[in-house]
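Structure assessment
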Amino acid sequence: MSRSTVSRRCQKLAEHGLLRPVGDGVYILTDRGEGYLDGKISTYENEPDRVPQSDDENDGVSSPSSPESP
């Protein structure tokens, strides 16, 4: 794959918030990018960012939208 192809693809991923350019052709993965790789967010425009978790996948950590237990 050519350098220009990689650069173009990284730029596109950065436009969608999955990578952040730090200079000289170097990019870092953003939290949104991590979420995408973990399957927690979708890049489709008609779908929400967060994928609902079942109770067994939650590992006891409450989500911001769920009420906290006393």
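Residues numbered from 1 in each chain as written. Predicted model: local features only at pLDDT ≥ 70, side-chain atom pairs only at ≥ 80, totals over all residues. Heavy atoms only, no water.

**Looking at the overall build of the protein**
For clarity, the threshold we go by: Numbering of helices and strands runs from the N terminus, with a helix taken as a DSSP run of H or I at least four residues long and a strand as a DSSP run of E at least two residues long. Note on classification: 1.4 Å probe, protein chains only; a residue is buried when its accessible area is under 20% of the maximum for its type, exposed when over 50%, partly exposed between these limits. Every accessible area reported is derived by Shrake-Rupley at a probe size of 1.4 Å, with residue values counting cover from the shown protein chains alone.
When you go through the protein residue by residue, the secondary structure sums to two helices and two strands. Reading the secondary structure of the protein in the N-to-C direction produces α-β-β-α. Here the protein holds 70 residues, and 13% of them are scored as buried. Here the protein has roughly 6200 Å² of accessible surface; of this, 49% comes from carbon and sulfur atoms.

**Focus: helix α1 (residues 3-15)**
The condition is simple: Helices are assigned an expected span. That span is 1.5 Å times one less than the residue count.
Helix length check: α1 (13 residues) gives 18 Å between terminal C-alpha atoms against 18 Å at 1.5 Å per residue, within 8%. Following α1 by one or two positions, Gly 17 has its phi on the positive side, about 80°.

**Concerning the pairing of strand β2 (residues 26-29)**
Inclusion rule: Criterion used throughout: strands pair if DSSP finds at least two bridges between them.
In this sheet, β2 lies alongside strand β1 (residues 19-23) in antiparallel orientation, the contact comprising four bridges. Looking at the pairing, Pro 21 lines up with Tyr 27 of β2. Linking two consecutive strands that pair antiparallel, namely β1 and β2, is a turn of two residues; a positive phi of about 55° is found at Asp 24 within it.

**Some remarks on the pattern of salt bridges**
We count it as follows: Every case where a carboxyl oxygen of Asp or Glu lies within 4 Å of a side-chain nitrogen of Lys or Arg is listed as a salt bridge.
All chains considered together, the criterion is met by one salt bridge. In this structure, Glu 15 engages Lys 12 in a salt bridge whose closest nitrogen and oxygen atoms are separated by 3.8 Å. You can see Glu 15 and its partner Lys 12 sitting in helix α1, three residues apart, about one turn around the helix. Its relative accessible area of 47% is what places Lys 12 among the partly exposed residues.

**With respect to the confidence of the model for the protein**
Note the cut-off: Per-residue confidence from the predictor is reported as pLDDT, which spans 0 to 100. We call two residues in contact when some of their heavy atoms are within 4.5 Å.
The share of residues in the protein with pLDDT of 70 or more is 63%, and the mean pLDDT across the chain is 76. Counting interchain partners and residues more than four positions distant, the pLDDT-below-50 stretch residues 51-70 has six contacts.

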